Amino acid sequence: MVNIKAAFNWLASCGGCEEAIVDLHEELLNVVEAVDIVYWPCALDFKKEDVERMTDGEIDVSFINGAVRTSDEEETAVLLRRKSKYVIAFGSCAHLGGIPGMGNFISAKEILRNSYLESPSLNQNEMTPQVETRQPEGIVTLPRFCDSVRTLDQTIPVDYYLPGCPPPTRLIKEALRALLGGELPARGSVLAPDIAQCHECPRKVTKPDEFHITEWKRPHEAVIDPERCILAQGFLCLGPVTRCGCDSPCIKANMPCTGCIGPISQIKDYGAKAVAAIASLFDNREEHEIEATLDQIIDPAGTVYRYCLPASQLFQRLPGENKRHNEVCA
């Protein structure tokens, strides 16, 4: 086992991935002994200039969490890619776009209008953030707010993926052991089991061979039986199309799986596969009955693409040409 230089960085995300590292608890001390943290601005006093002064490839591995939405996030990702031997997309946002990726359901202009012009709690001067503002002291600049949210690998080459919202501590430990022991799998691998969530679900023995769903319920509308398959009870659980490896914390808390850890490798579009899986469960045969059952799913697009819209074939819900990851933000 050898010591490695590691960087951690936070782009468009909530900070939960940073909490997941802290959740290693006392094992974090062992990590600190084996890992020389050379950049972790949210936890330690590092600046981007510290990374810029490093030689290319000096960092052994960078754990980058968060999607890419602004020009500053893109610049930081490109910089860390150049300075790192390995880059790991850490968490759902970097891996698939995550919750920030649902911003691709509307345009950047709509987001700015809703946030700065139509909210009664903010300014009444009809002002939105500008990239450049001239002041007597000089030009004040802000990062550019891009037209779309992108995954990390739509911005820079990525070597490995640690999925989850946030990544489970077990997967983090296994990834660190593999790094320190020089036992990493082939580049491009997702560092999690490549089988469906239902495989490790604590309720899998109660999963029926055939489903006969005629009604969808939401968790606040009925009591979930803590002993039975949640999906069989008519609650929309995405375990059948979701990769396992998280130890089923949502199921153990008596809540349906929402799919944060993403798809297994055979699935090319998580949302499309989820829709197909949901449709296969219906016990209804008449078209009007099927439509009525579908109408019970509130926000279907947001449900099946909750964590993965930028990584999907859809990518963005906008009129005209789909820009996908060819957009240059800066």
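Everything here concerns the structure above.
Summary of the structure given here. (Residues numbered from 1 in each chain as written. Predicted model: local features only at pLDDT ≥ 70, side-chain atom pairs only at ≥ 80, totals over all residues. Heavy atoms only, no water.)

## Side note on the packing of aromatic side chains
Reasoning step 1: Evaluation of the coordinates by the stated rule reveals 5 aromatic pairs.
Reasoning step 2: Centroid distance Phe8 to Trp40: 5.0 Å. Interplanar angle 40 degrees. Geometry classified as tilted. Of this pair, Phe8 sits in strand β1 (residues 4-10) while Trp40 is found in the loop between β2 (35-39) and α3 (48-52), placing the two residues 32 residues apart along the sequence. Grouping residues by exposure puts Phe8 and Trp40 together as buried. (Phe/Tyr/Trp six-rings, centres within 6.5 Å; stacked < 30°, edge-to-face > 60°. Helix = DSSP H or I, 4+ residues; strand = E, 2+ residues; numbered from the N terminus. Buried < 20%, exposed > 50% of the residue type's maximum accessible area, 1.4 Å probe, protein only.)

## Comments concerning the sheet that holds strand β9 (residues 160-162)
Reasoning step 1: Read from one edge of the open sheet, 5 strands run β2-β1-β3-β5-β9, paired in parallel fashion. Two strands lie at the open edges of the sheet, namely β2 and β9, each paired on one side alone. Strand-to-strand twist of the sheet, defined as the mean angle between neighbouring strand axes without regard to direction, takes the value 30 degrees.
Reasoning step 2: Across 5 bridges, the pairing between strand β3 (residues 59-65) and strand β5 (residues 84-90) is parallel. Pairing of Ser62 across the sheet is with Val87, part of β5.
Reasoning step 3: Against the sheet, helix α2 (residues 27-34) engages β1 and β2, with an angle of about 80 degrees to β2. (Pairing = 2+ DSSP bridges. Axes fitted to C-alpha atoms, helices over the stretch in contact; angles between N-to-C directions. Contact = heavy atoms within 4.5 Å.)

## Digging into the nonpolar core
Reasoning step 1: Phe63, Leu152 and Leu162 are the most contacted members of the largest nonpolar core, which has 48 residues in total.
Reasoning step 2: With 6 residues, helix α7 (residues 169-181) is the largest single contributor of residues to this core.
Reasoning step 3: Discounting chain neighbours no more than four positions away, the residues touching Leu152 are Leu11, Ile64, Val68, Ala77, Val87, Ala89, Ala94 and Val158.
Reasoning step 4: If you look at the next biggest cluster of nonpolar residues, it comprises 29 residues, including Ile213, Trp216, Cys257 and Phe282. (Core = buried A, V, L, I, M, F, W, Y, C linked by side-chain atoms within 4.5 Å.)

## Section: the pairing of β2
Reasoning step 1: For β2, the buried fraction is high: 4 of the 5 residues fall into the buried class.
Reasoning step 2: For β1 and β2, the ladder comprises 4 bridges, and the chain directions are parallel. By the bridge assignment for β2, Ala7 is matched with Tyr39.

## Some words on the pairing of β1
Reasoning step 1: The element β1 is extensively covered by neighbouring structure, given that 5 of its 7 residues are classed as buried.
Reasoning step 2: Bridge count for β1 against β3 is 5 bridges, and the pairing is parallel. Each residue of the ladder has a partner; that of Ala7, found in β3, is Ser62.

## Comments concerning a nonpolar patch on the surface
Reasoning step 1: Together, Tyr116, Leu117 and Leu122 line one region of the surface with nonpolar side chains, adding up to about 240 Å² of accessible area.
Reasoning step 2: As for its position among the elements, Leu117 is in helix α6 (residues 108-117).
Reasoning step 3: In this structure Leu117 comes out as partly exposed when scored by relative accessible area, which is 38%. (Patch = residues over 30% accessible without salt bridge, like charges linked within 9 Å, V, L, I, M, F, W, Y side chains within 5 Å. Areas by Shrake-Rupley, 256 points an atom, 1.4 Å probe, with all protein chains shown as cover. Salt bridge = Lys/Arg side-chain N within 4 Å of Asp/Glu carboxyl O.)

## Overview of unusual backbone geometry
Reasoning step 1: Put simply, Cys165 and Pro166 share a cis peptide bond, and its omega is -5 degrees.
Reasoning step 2: Secondary-structure assignment places Pro166 in the loop between β9 and α7.

## Quick notes on the pattern of salt bridges
Reasoning step 1: Within this structure, the stated rule accounts for 15 salt bridges.
Reasoning step 2: Note that Asp50 is salt-bridged to Arg53, the shortest N-O span being 2.6 Å.
Reasoning step 3: Since its relative accessible area comes to 24%, Asp50 is described here as partly exposed.
Reasoning step 4: A relative accessible area of 63% means that Arg53 is categorised as exposed.
Reasoning step 5: Taken together, the shared-partner salt bridges in this structure form one network comprising Arg170, Glu174, Glu200 and Asp247.

## Comments concerning the environment of Leu11
Reasoning step 1: When you line up the elements, Leu11 lands in the loop between β1 and α1 (16-22).
Reasoning step 2: In this structure Leu11 comes out as buried when scored by relative accessible area, which is 7%.
Reasoning step 3: The contacts of Leu11, once residues within four sequence positions are left out, are Ile64, Asn65, Gly66, Ala67, Val68, Glu73, Thr76, Ala77 and Leu152.

## What about the environment of Asp72?
Reasoning step 1: Along the chain, the position of Asp72 falls in helix α4 (residues 71-83).
Reasoning step 2: Given the relative accessible area of 32%, Asp72 is considered partly exposed.
Reasoning step 3: Along the chain, Asp72 and Arg53 lie 19 residues apart, while their C-alpha atoms are 18 Å from each other.
Reasoning step 4: Residue contacts for Asp72: discarding those within four places in its chain leaves Lys48 and Pro143.

## What to know about α7
Reasoning step 1: Between its first and last C-alpha, α7 extends 18 Å over 13 residues, near the 18 Å set by a 1.5 Å rise per residue.
Reasoning step 2: In the stretch just after α7, Gly182 is the one whose phi turns positive, near 65 degrees. (Expected span 1.5 Å × (residues − 1).)

As far as function goes, none of this settles anything; it's purely spatial.
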